[in-house]
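Structure at a glance
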Amino acid sequence: MGYNISGIAIDKNYENDFVSLQNQLGWNLEKVTEIDFETASANWTDDKICNVYFTKTGTLIFIGMENCEQSFNLKNDHVLTFALSETSMVFNINYSEKGVEKRSIIEVNDERVEDSGEALAIEKDSEDTSEIIWNQIEVLLGKRFFDIELEEKATQYRFKPVIDLKKWWEFWK
């Protein structure tokens, strides 16, 4: 069995400014509970759940794979949106710097179906696409993924539905 994780890595610790991050992403989250990193990084995160872990210099957010089909760009930060499925051999990388997409890779069964932008510095030391993901996460978090202790603290959130008042009003008219 391999890893099947997806999410967003950011080169800024948003622990004390998490509302701002939610606003920038257009998310409305409700805190569920504190969890450990082992639970936060478990395979196949539910699409309704968001698990968040902070390093001294970065933020790592685990979300469902379907949510990572798009690129998340933040105007002041470097962001890696990734999906890594070793089970189905599907890898997705979208990397942006200060809101500008710099690199995009989609690989399915060892075939790159998309490969655009300038190669990342870590690509010269990465043998395959999964290594690019692991190494770029380390660059952004300032900490190697596999050095994170499984019992370290993370937080689980639930995506709250956003009510479109215009649609609601049209429905009830």
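Residues numbered from 1 in each chain as written. Predicted model: local features only at pLDDT ≥ 70, side-chain atom pairs only at ≥ 80, totals over all residues. Heavy atoms only, no water.

1. Observations regarding helix 3 (residues 129–141)
Cut-off, in case you're wondering: The helix and strand labels rest on DSSP assignments: H or I over at least four residues marks a helix, E over at least two residues marks a strand, and numbering proceeds from the N terminus. Here a helix's expected span is defined as the number of its residues, less one, multiplied by 1.5 Å. Here, residues are in contact when the closest pair of their heavy atoms is within 4.5 Å.
For helix 3, with 13 residues, the first-to-last C-alpha span of 18 Å sits near the 18 Å given by 1.5 Å per residue. Structurally, helix 3 contributes buried residues whose contacts are with strand 1 (4–10), strand 4 (59–62), strand 5 (78–85), strand 6 (90–97), strand 7 (100–108) and strand 8 (111–117). Downstream of helix 3 by one or two residues, Gly142 has phi in the positive range, about 70 degrees.

2. What about the sheet that holds strand 8?
What counts here: For two strands to be treated as a pair, DSSP must find no fewer than two bridges joining them. Lines fitted to C-alpha atoms define the axes, with helix axes restricted to the stretch in contact, and inter-axis angles between N-to-C directions lie between 0 and 180 degrees.
Overall, antiparallel pairing links the nine strands, which are arranged 2-9-3-4-1-5-6-7-8 in an open sheet. Only two strands of the sheet have a single neighbouring strand rather than two, namely strand 2 (29–36) and strand 8. Taken pair by pair, the neighbouring strands of this sheet meet at an average axis angle of 15 degrees, ignoring direction. Across four bridges, the pairing between strand 3 (residues 49–54) and strand 9 (residues 153–159) is antiparallel.

3. What about the packing of aromatic side chains?
Our working definition: Note on aromatic pairs: the rings of Phe, Tyr and Trp (six-membered ring only in Trp) are paired at centre separations within 6.5 Å, and the planes decide the class, stacked below 30 degrees, edge-to-face beyond 60, tilted for the rest. Relative accessibility decides the category of a residue: with a 1.4 Å probe and only protein chains considered, values under 20% of the type maximum give buried, values over 50% give exposed, and everything between is partly exposed.
Using the criterion set out here, one finds 14 aromatic pairs in the structure. Judged by centre distance (5.1 Å) and plane angle (75 degrees), the ring pair of Tyr3 and Trp134 falls under edge-to-face. One end of the pair, Tyr3, is in the segment before strand 1; the other, Trp134, is in helix 3, with 131 residues separating them in the sequence. Take Tyr3: its relative accessible area is 31%, and that puts it in the partly exposed class. Ring centres of Trp134 and Phe145 lie 4.8 Å apart, and the angle between their planes is 45 degrees; on these two criteria the pair is classed as tilted. In this pair, Trp134 is assigned in helix 3 and Phe145 in the loop between helix 3 and strand 9, connecting sequence segments 11 residues apart. Through a chain of ring-to-ring contacts, the aromatic side chains of Tyr3, Phe37, Tyr53, Phe62, Trp134, Phe145 and Phe146 assemble into a single cluster.

4. Side note on the nonpolar core
Most often, soluble globular proteins keep nonpolar side chains buried together rather than apart. To keep it simple, the criterion reads: Here the nonpolar core consists of buried residues drawn from Ala, Val, Leu, Ile, Met, Phe, Trp, Tyr and Cys, with membership extended through side-chain atoms lying within 4.5 Å.
In this structure, Leu60, Leu80 and Ile137 are the most contacted members of the largest nonpolar core, which totals 26 residues. Mapped by element, the contributors of at least two residues to this core are strand 1, helix 2 (37–40), strand 4, strand 5, strand 6 and helix 3. When neighbours within four sequence positions are excluded, Leu80 is seen to be in contact with Gly7, Ile8, Ala9, Ile93, Asn94, Tyr95, Ile133, Gln136, Ile137 and Leu140.

5. What about the side chain of Ser41?
Counted only if it meets this: Nitrogen and oxygen atoms within 3.5 Å of one another constitute a polar contact, given that in protein one can donate a hydrogen and the other can accept it, and given that sequence-neighbouring residues count only through two side-chain atoms.
Along the chain, Ser41 falls in the loop between helix 2 and strand 3. A distance of 2.8 Å separates the side chain of Ser41 from the backbone oxygen of Phe37, its partner in a polar contact. Sequence-distant contacts of Ser41, that is, excluding residues within four places in its chain, are made with Ile5, Phe62 and Phe145.

6. What to know about the side chain of Thr81
Here Thr81 lies in strand 5. There is a polar contact of 3.1 Å between the side chain of Thr81 and the backbone nitrogen of Phe72. With near-sequence residues (within four places) excluded, Thr81 lies in contact with Gly7, Cys68, Gln70, Ser71, Phe72, Asn92, Ile93 and Asn94.

7. Quick look at a negative patch on the surface
What counts here: The patches reported here contain residues having more than 30% relative accessible area and no salt bridge. Joining distances are 9 Å for like charges and 5 Å for nonpolar side chains (Val, Leu, Ile, Met, Phe, Trp, Tyr). Areas reported here follow the Shrake-Rupley algorithm with a probe of radius 1.4 Å; residue values treat only the protein chains shown as occluding. Each reported salt bridge corresponds to a side-chain nitrogen of Lys or Arg within 4 Å of a carboxyl oxygen of Asp or Glu. Charge counting treats Lys and Arg as positive and Asp and Glu as negative, with His and both chain ends excluded. By convention, the point assigned to a charge is CZ for Arg, NZ for Lys, CD for Glu and CG for Asp.
A cluster of acidic residues, Asp46, Asp47, Glu66 and Glu69, forms a negative patch at the surface. The exposure class assigned to Asp46 is partly exposed, which follows from its relative accessible area of 42%.

8. Looking at helix 1 (residues 18–25)
Worth spelling out the cut-off: The arc in question is the one spanned by the directions pointing from the helix axis to the C-beta atoms.
Looking at helix 1, one finds that the buried residues are Phe18, Leu21, Gln22 and Leu25. Seen along its axis, helix 1 keeps its buried residues to an arc of 100 degrees; they face one direction. Exposed residues on helix 1 whose side chains face more than 90 degrees from its buried face are Val19 and Asn23. Contact partners of the buried residues in helix 1: strand 1, strand 2, strand 3, strand 4 and strand 9. In the stretch just after helix 1, Gly26 is the one whose phi turns positive, near 75 degrees.

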